[in-house]
Amino acid sequence: MSSLKQDTDAVTATIKHLASGFLDLSRKKMHVGIFPHARADGDALGSALALSDALEQLGSETTVFVDEEVVPSLQFLPQTDSVLLFTEDMSDRQLDLAIAVDLNTPDRLENRESLFSSAAQYAIVDHHVSNREDKQNELIYTKASSTSELVFRLISELEELSSRELFNDNIATLLIAGLMTDTGRFSYNNTTPRALRQAAWLIEKFTVNLATLTHELFERTTVTQLQIRGDVFASTKVAANGRILYASVPRDMLDKRNATDDDLDYLSSDMREADGVDVSILLRESANRSEIHGSVRSNSCLDAAAFSQLFGGGGHVRAAGFVIEDMTLEQAEAEVLAQAESMLDQCKIN
Ligand SMILES: [Mn+2]
C-alpha cells in the first residue's frame, strides 16, 4: 500500500502531469474514451461527463462508454443522452487515450475492458483503495471524497494551462451530483473541506438546482417501494435482546406488490439505524426461489464481512452480503441467526 499517492504534493504533481497530457491531446483533436465503472453511480457518471465536457471544449473528440443504459434515477443529469452504450463491434475502435474514472481495476469495466486496454495511452482517476504501483498517469487518491473532487481539480488545472474558462452550469451540476453521492450529501466522514469548498464555489458561480439534485439522488421513490418497505419493516423481529434486528422476505411478499429486488435497496441499512440495534440482517428469497440472499449491516464489533464469509460471501466491515443455496428461507433464517448471536456474543464491544 506504500505505493499509493497519499502525499498532497504527489497528488498535485500527478494532476499537473495528467492535465498537461490531456491538453496536448485535445489540441491535436484526438479521440478520448472515458470509462466510468459498470453500474455507474452519480460519482462515476458525474465525473465522466464533466471531464468529457471540459475535454470537448479543448478540442478532443470524447466518448463516454458505458456497459448498460444510464439508470432511471440518474437520467435527469445533464448530458446523459451523450453516453455510448458499448457493443462488441466497438472493441476494435482505436482510442488515442482511454481514461478510467471511479475505478482502478480494469475488470470493473466488464465488456469494455479490451477497448480500454487497447488504447494508445491510458489514465486512471479514482479514489478507491488500490494495490497498484504508483504511476504518473494514475491519479488514485483515497483521501479524496470522490472522483468528482479529483476531476474538479483536473478541470481547474486545465483552465490554468489553457487560459480558458471551462466550468459551466452542466459541469457544476455533474460534479456536485458526484460529490453529494459519495459523501451522502456531505454527511459521511469522507467529506473533505476541499469537497465543501468546491461545492460552495460551484454554487456561487453557476446555476445548480440543489433541491432537484437532493430529490433525484436521495429522496425519489415509488409507491411500490414505499409499500414493500412498509411490509418488510412491519415484519422485522428482534433477537439477542434487541441487538439484532432481522427480516426474512419470501418471494410472495415481493410478488404481491409487484416489487423487485431493487426495491429492497438500503432497507438493511435503514434497519441498522434503530436505537439499540447492533446488527441488521435482511434475507430474501431469490426470483427463482432457489437461493436466499442475505445482507448484513453492523454498528458494532461484529465484522459483517467476516460474518458473511461464513456463508461464502463478503464485503466490508459494516456492510456485507452472502448467498445461501439448498435451504428454505426458514432454515436459512435459523442458521444465520444462530451464527449472528454467537458471533455477537464473542466479539468485544467497542
Ligand atoms: Mn466514487
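Thresholds applied
Residues numbered from 1 in each chain as written. Predicted model: local features only at pLDDT ≥ 70, side-chain atom pairs only at ≥ 80, totals over all residues. Helix = DSSP H or I, 4+ residues; strand = E, 2+ residues; numbered from the N terminus. Rg over C-alpha atoms; globule rule 2.2 N^0.38 Å. Buried ≥ 20, exposed ≤ 12 C-beta atoms within 10 Å, placed from the backbone. Contact = placed C-beta atoms within 7 Å. Domains from an automatic or database assignment. Expected span 1.5 Å × (residues − 1). Arc of directions from axis to C-beta. Pairing = 2+ DSSP bridges.

S.K.: I'd like a description of the overall build of the chain, backed by residues and values.
M.R.: Across its full length, the chain carries twelve helices and twelve strands. For 350 residues, the compact-globule estimate of 2.2 N^0.38 gives 20 Å, and the chain sits close to it at 22 Å. Summarising its shape, the C-alpha atoms of the chain cover approximately 65 × 40 × 40 Å along the three principal directions. The buried share among the 350 residues of the chain stands at 39%. If you take every contact in the chain between residues at least 6 apart in sequence, the share linking residues at least 24 apart comes to 66%.

S.K.: For unusual backbone geometry, give the residues involved together with the corresponding values.
M.R.: Residues other than glycine seldom take positive phi values, yet Glu-110 does so here, at roughly 50 degrees. Relative to the helices and strands, Glu-110 resides in the loop between strand 4 (97-101) and helix 3 (113-117). The class of Glu-110 is partly exposed, set by 13 C-beta atoms lying within 10 Å. Positive phi outside glycine occurs at Phe-186, with the angle close to 60 degrees. Within the element layout of this structure, Phe-186 appears in the loop between helix 5 (169-183) and helix 6 (193-205). Take Phe-186: there are 15 C-beta atoms within 10 Å of it, and that puts it in the partly exposed class.

S.K.: Which residues make up the domain arrangement of the chain, and what values go with them?
M.R.: Looking at the assigned domains, one finds that the chain contains domain 1 (8-219) and domain 2 (223-346). On a C-alpha basis, the centroid separation for the pair domain 1 and domain 2 is 34 Å.

S.K.: Any details on helix 12 (residues 329-346)? Residues and values, ideally.
M.R.: Because each turn of an α-helix spans 3.6 residues, side chains separated by three or four positions end up pointing in the same direction. If you check helix 12, its first and last C-alpha atoms are 26 Å apart, about what 18 residues at 1.5 Å a residue would give, namely 26 Å. For helix 12, the full list of buried residues reads Ala-332, Glu-333, Val-336, Ala-340 and Leu-344. When helix 12 is viewed along its axis, its buried side chains cluster within an angular range of 95 degrees and face the same direction. Opposite its buried face, helix 12 presents the exposed residues Glu-330, Gln-331, Ala-334, Ala-338, Ser-342, Asp-345 and Gln-346, each directed more than 90 degrees away. Buried-residue contacts for helix 12 involve strand 8 (244-249), strand 9 (279-285), strand 10 (291-298), helix 11 (304-309) and strand 12 (319-325).

S.K.: Outline the pairing of strand 5 (residues 121-126), supporting the account with residue identities and numerical values.
M.R.: The pairing of strand 4 with strand 5 spans five bridges and is classified as parallel. Counterpart to Ala-98 in the pairing with strand 5 is Tyr-122. Note that strand 5 and strand 6 (residues 138-140) share three bridges and pair parallel. Note on strand 6: the bridge partner recorded for Ile-124 is Glu-138.

S.K.: Kindly report on the environment of Glu-273, identifying the contributing residues and their values.
M.R.: Its location among the elements puts Glu-273 in the loop between helix 10 (267-272) and strand 9. Separated by 119 residues in the primary sequence, Glu-273 and Leu-154 place their C-alpha atoms 37 Å from one another.

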